[in-house]
Number of protein chains: 2
Amino acid sequence: MVDEVKMVIAVRKDLDLGKGKIAAQVAHAAVACALKAEKKEKKIFRKWMEGGQKKIVVRLANQQELLELKSRADSEGIITEAIFDAGHTQVDPGTLTCVGIGPAESSALDPITGSFKLL
Amino acid sequence: MVDEVKMVIAVRKDLDLGKGKIAAQVAHAAVACALKAEKKEKKIFRKWMEGGQKKIVVRLANQQELLELKSRADSEGIITEAIFDAGHTQVDPGTLTCVGIGPAESSALDPITGSFKLL
């Protein structure tokens, strides 16, 4: 199996966000992770871009699951970004809405995120 | 009024995409526009990042409306990125799903995108 490079963005499903709001939060995570990778993981970043910057959007139950995921990815040395909404509209200010993980090789990501359901 | 810097991502509503699919496509547009701005519009890019990389996700009726929007933004010298889905899942390969516009000053963006409805 080819070890492709991808990014996983995990979204809380307990917040019941609208689809435009979800899209903006996921985009925020993706941009933050991409810029971090561009600086700190140049080779991975280039592979990810060349492969079409693949992204998988998954859903997790709540804030605690997101934080556990982030912590696990951090401990593996994978790039992460937690996104807290400014809270102008649908949620309270500072609410954790999603976590971006990667880009990283699927051999590193799948053990951590492979069991999650697609959003 | 403060002339804030923002990015607008316009999504086709006639494709009836799932929310995870929309989020991934919008994220794709946001990353592509951000990386382009980082290279070609350093000052705008920095202002956008410092302002919390604001994003507005709007909906347009169909492919033609997206292409017209892109053409108008291009003619104003605003960064744009059209996203065509690889089509592994919900749509045919090469389907135009969304267009990212900016980051740009709201004084440049609003005349073009100000009338669109939020997704």
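Anything mentioned here points back to the structure above.
Only a predicted model underlies this, so the values are computations on that prediction, with no experimental measurement involved. (Residues numbered from 1 in each chain as written. Chains lettered and ligands numbered in written order. Predicted model: local features only at pLDDT ≥ 70, side-chain atom pairs only at ≥ 80, totals over all residues. Heavy atoms only, no water.)

Overview of the packing of aromatic side chains
All names here are of chain A. Taken as a whole and judged by the stated rule, the model has 2 aromatic pairs over all chains. Judged by centre distance (6.3 Å) and plane angle (45°), the ring pair of Phe45 and Trp48 falls under tilted. Placement of both Phe45 and Trp48 in helix 2 (residues 42-50) is noted, with a separation of 3 residues, approximately one turn of the helix. (Phe/Tyr/Trp six-rings, centres within 6.5 Å; stacked < 30°, edge-to-face > 60°. Helix = DSSP H or I, 4+ residues; strand = E, 2+ residues; numbered from the N terminus.)

Considering the sheet that holds strand 2 (residues 55-60) of chain A
Residue and element names in this part refer to chain A. Here we have 5 strands laid out as an open sheet, ordered 3-4-1-2-5, and mixed in their pairing. Of all the strands in the sheet, just strand 3 (80-85) and strand 5 (117-118) have a single pairing partner and so form its edges. Both strand 3 and strand 4 (residues 95-105) contribute to a ladder of 6 bridges, which runs antiparallel. Opposite Asp85, over in strand 4, you have Thr95 as the bridge partner. (Pairing = 2+ DSSP bridges.)

Thoughts on the packing of helix 1 (residues 19-40) of chain A against helix 1 (residues 19-40) of chain B
Relative orientation of the contacting elements helix 1 of chain A and helix 1 of chain B amounts to 40°, with a least axis distance of 7 Å. Looking at the two axes, helix 1 of chain A sits oblique to helix 1 of chain B. In this structure, helix 1 of chain A crosses over helix 1 of chain B, and the sense of that crossing is right-handed. Side by side, helix 1 of chain A and helix 1 of chain B meet where Lys19(A), Ile22(A), Ala23(A), Val26(A), Ala27(A), Ala30(A), Val31(A), Ala34(A), Leu35(A) and Glu38(A) of the first sit next to Lys19(B), Ile22(B), Ala23(B), Val26(B), Ala27(B), Ala30(B), Val31(B), Ala34(B), Leu35(B) and Glu38(B) of the second. (Axes fitted to C-alpha atoms, helices over the stretch in contact; angles between N-to-C directions. Parallel < 35°, antiparallel > 145°, perpendicular 65-115°, else oblique. Left-handed = near helix turned anticlockwise from the far one by under 90°. Contact = heavy atoms within 4.5 Å.)

Section: the relation of the copies chain A and chain B
Placing chain A over chain B gives an RMSD of 0.0 Å and needs a rotation angle of 180°, together with 0.0 Å of translation along the axis. Taken together, the rotation angle and the small translation identify this as a two-fold axis. (Least-squares fit on C-alpha atoms with pLDDT ≥ 70 in both.)

Examining a positive patch on the surface
A contiguous patch of positive charge on the surface is contributed by Lys13(A), Arg59(A), Lys117(A) and Lys19(B). Judged by its relative accessible area of 42%, Lys19(B) falls in the partly exposed class. (Patch = residues over 30% accessible without salt bridge, like charges linked within 9 Å, V, L, I, M, F, W, Y side chains within 5 Å. Areas by Shrake-Rupley, 256 points an atom, 1.4 Å probe, with all protein chains shown as cover. Salt bridge = Lys/Arg side-chain N within 4 Å of Asp/Glu carboxyl O. Lys, Arg positive; Asp, Glu negative; His and termini not counted. Charge placed at Lys NZ, Arg CZ, Asp CG, Glu CD. Buried < 20%, exposed > 50% of the residue type's maximum accessible area, 1.4 Å probe, protein only.)

Some remarks on the side chain of Thr95(B)
Residues and elements named next belong to chain B. Position of Thr95 relative to the elements: it lies in strand 4 (residues 95-105). Judged by relative accessible area, Thr95 falls into the buried class, the value being 15%. When sequence neighbours within four positions are dropped, the list of residues in contact with Thr95 reads Arg12, Leu15, Ile83, Phe84 and Asp85.

A look at the sheet that holds strand 1 (residues 5-12) of chain B
Residues and elements named next belong to chain B. If you trace the 5 strands from one edge of the open sheet to the other, you get 3-4-1-2-5, paired in mixed fashion. The strands lining the two open edges of the sheet, one partner per strand, are strand 3 (80-85) and strand 5 (117-118). Here 2 bridges tie strand 2 (residues 55-60) to strand 5, and the two strands are oriented antiparallel to one another. By the bridge assignment for strand 5, Arg59 is matched with Lys117.

Structural notes on the environment of Asp74(B)
Residue and element names in this part refer to chain B. Locating Asp74 in the fold gives a position in helix 3 (residues 63-75). The class for Asp74 is partly exposed, based on a relative accessible area of 35%. Considering only alpha carbons, one finds Asp74 and Ile101, 27 residues apart in sequence, at a separation of 9.0 Å.

A closer look at the pairing of strand 1 of chain B
All names here are of chain B. Burial analysis of strand 1 places 8 of its 8 residues in the buried class, the great majority of the element. In strand 1, alternate side chains face the same way, and those of Val5, Met7, Ile9 and Val11 on one face and Lys6, Val8, Ala10 and Arg12 on the other are all buried. Pairing of strand 1 with strand 2 involves 6 bridges; the strand directions are parallel. Along strand 2, the bridge assignment pairs Val8 with Ile56.

Structural notes on the interface of chain A and chain B
Each side of the interface is counted separately: chain A has 22 residues, and chain B has 22 residues. Counting the surface lost from both chain A and chain B, the interface buries some 1,800 Å², and carbon and sulfur atoms represent 76% of this. Contact with chain B buries area across many residues of chain A, yet Lys19(A), Val31(A) and Leu35(A) alone supply 27% of it, more than any other trio. Along the contact surface separating chain A from chain B lie 0 salt bridges. Scanning the region where chain A abuts chain B turns up 2 residue pairs in polar contact (both at pLDDT 80 or more). Mapped by element, the contributors of at least two residues to the side of chain A that touches chain B are helix 1, helix 2 and strand 2 of chain A. Residue contributions to the side of chain A that touches chain B peak at 14 residues, all from helix 1 of chain A. When its residues are assigned to classes, the side of chain A that touches chain B shows 15 nonpolar, 4 polar and 3 charged. (Buried area = accessible area lost by both parts, 1.4 Å probe. Polar contact = N/O pair within 3.5 Å; in protein donor to acceptor, adjacent residues only side chain to side chain. Nonpolar A, V, L, I, M, F, W, Y, C, P; charged D, E, K, R; others polar.)

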